[in-house]
Amino acid sequence: MVLASKDAQAGGNTAELKQKLVNEIADLWFHSMVALCHHGLRPADVIAELQRRVGLSGLEEKAARKAQTRAAQDTTP
């Protein structure tokens with residue numbers, strides 16, 4: 001997907017490259033939904049997580065996850 005995006009941005013046959021990007025993202029979404037289903041999760045769970053992150057920078061979100069992990073480890077006997 002990253003390479004398809006880079007190729008689409010570089011130019012060339014734009015319609016063909018954009019379709020390649022769409023195809024790659026469709027594959028990613030399909031496999032993501034299969035993984036969610038396998039673990040008993042739903043797309044709504046991902047949407048809820050994205051809503052939780054609104055207004056957070058990536059660095060803030062990552063720091064919050066690290067703090068949660070540390071807190072959980074500190075309470076484990």
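Peer 1: Please explain the overall build of the protein chain as it appears in this structure.
Peer 2: When helices and strands are tallied, the protein chain shows four helices and zero strands. Secondary structure elements in the protein chain, listed N-terminal to C-terminal, are α-α-α-α. Relative to its length of 77 residues, the protein chain is extended, with a C-alpha radius of gyration of 18 Å against a globular reference of 11 Å. Based on the C-alpha atoms only, the size of the protein chain along its principal axes is roughly 60 × 30 × 20 Å.

Peer 1: In this structure, what is going on with a nonpolar patch on the surface? I would like to understand it.
Peer 2: Together, Met1, Val2, Leu28, Trp29 and Met33 make up a nonpolar patch on the protein surface, roughly 550 Å² of accessible area in all. Broken down by element, the residue count for the nonpolar patch peaks at three residues, all from helix H2 (residues 14-38). With respect to the helices and strands, the residue Leu28 is situated in helix H2. For Leu28, a relative accessible area of 41% corresponds to the partly exposed category.

Peer 1: Can you walk me through the pattern of salt bridges in this structure?
Peer 2: Any two side chains of opposite charge can pair if their charged atoms end up close together. Tallying each qualifying case throughout the model produces six salt bridges. Here Arg52 makes a salt bridge to Glu49, at a shortest N to O gap of 2.6 Å. Taken as a pair, Arg52 and Glu49 lie in helix H3 (residues 43-53) at a separation of three residues, close to a single helical turn. On the basis of relative accessible area, Arg52 is assigned to the partly exposed category, the value being 44%. Among the ionic pairs, Arg52 bridges to Glu61, the shortest N-O distance being 3.1 Å. Exposure remark for Glu61: the relative accessible area of 5% places this residue in the buried category. When salt bridges that share partners are traced, they join Glu49, Arg52, Arg53, Glu61 and Arg65 into one network.

The rules behind these values
Each chain carries its own residue numbering, running from 1 in the written order of its sequence. At least 70 in pLDDT is required for a residue's local features to be given in this predicted model, at least 80 for side-chain atom pairs to be given and counted, and no such filter applies to totals for whole chains, interfaces and linings, which use all residues. Excluded from the side-chain calculations are hydrogens and water; all other atoms, namely the structure's heavy atoms, are used. Strands here mean DSSP runs of E at least two residues long; helices mean DSSP runs of H or I at least four residues long; both are numbered from the N terminus. It is over C-alpha atoms that the radius of gyration is taken, and the globule rule equals 2.2 Å times the number of residues to the power 0.38. Patch members must show over 30% relative accessible area and no salt bridge, and they are joined within 9 Å when carrying like charges or within 5 Å when they are nonpolar side chains of Val, Leu, Ile, Met, Phe, Trp or Tyr. Here the Shrake-Rupley method, with its probe set to 1.4 Å, supplies the accessible areas, and only the displayed protein chains count as covering residues. What makes a salt bridge here is a side-chain nitrogen of Lys or Arg within 4 Å of a carboxyl oxygen of Asp or Glu, nothing more. Each residue is placed in one exposure class: buried if its accessible area under a 1.4 Å probe, protein chains only, is under 20% of its type's maximum, exposed if it is over 50%, and partly exposed if it falls in between.

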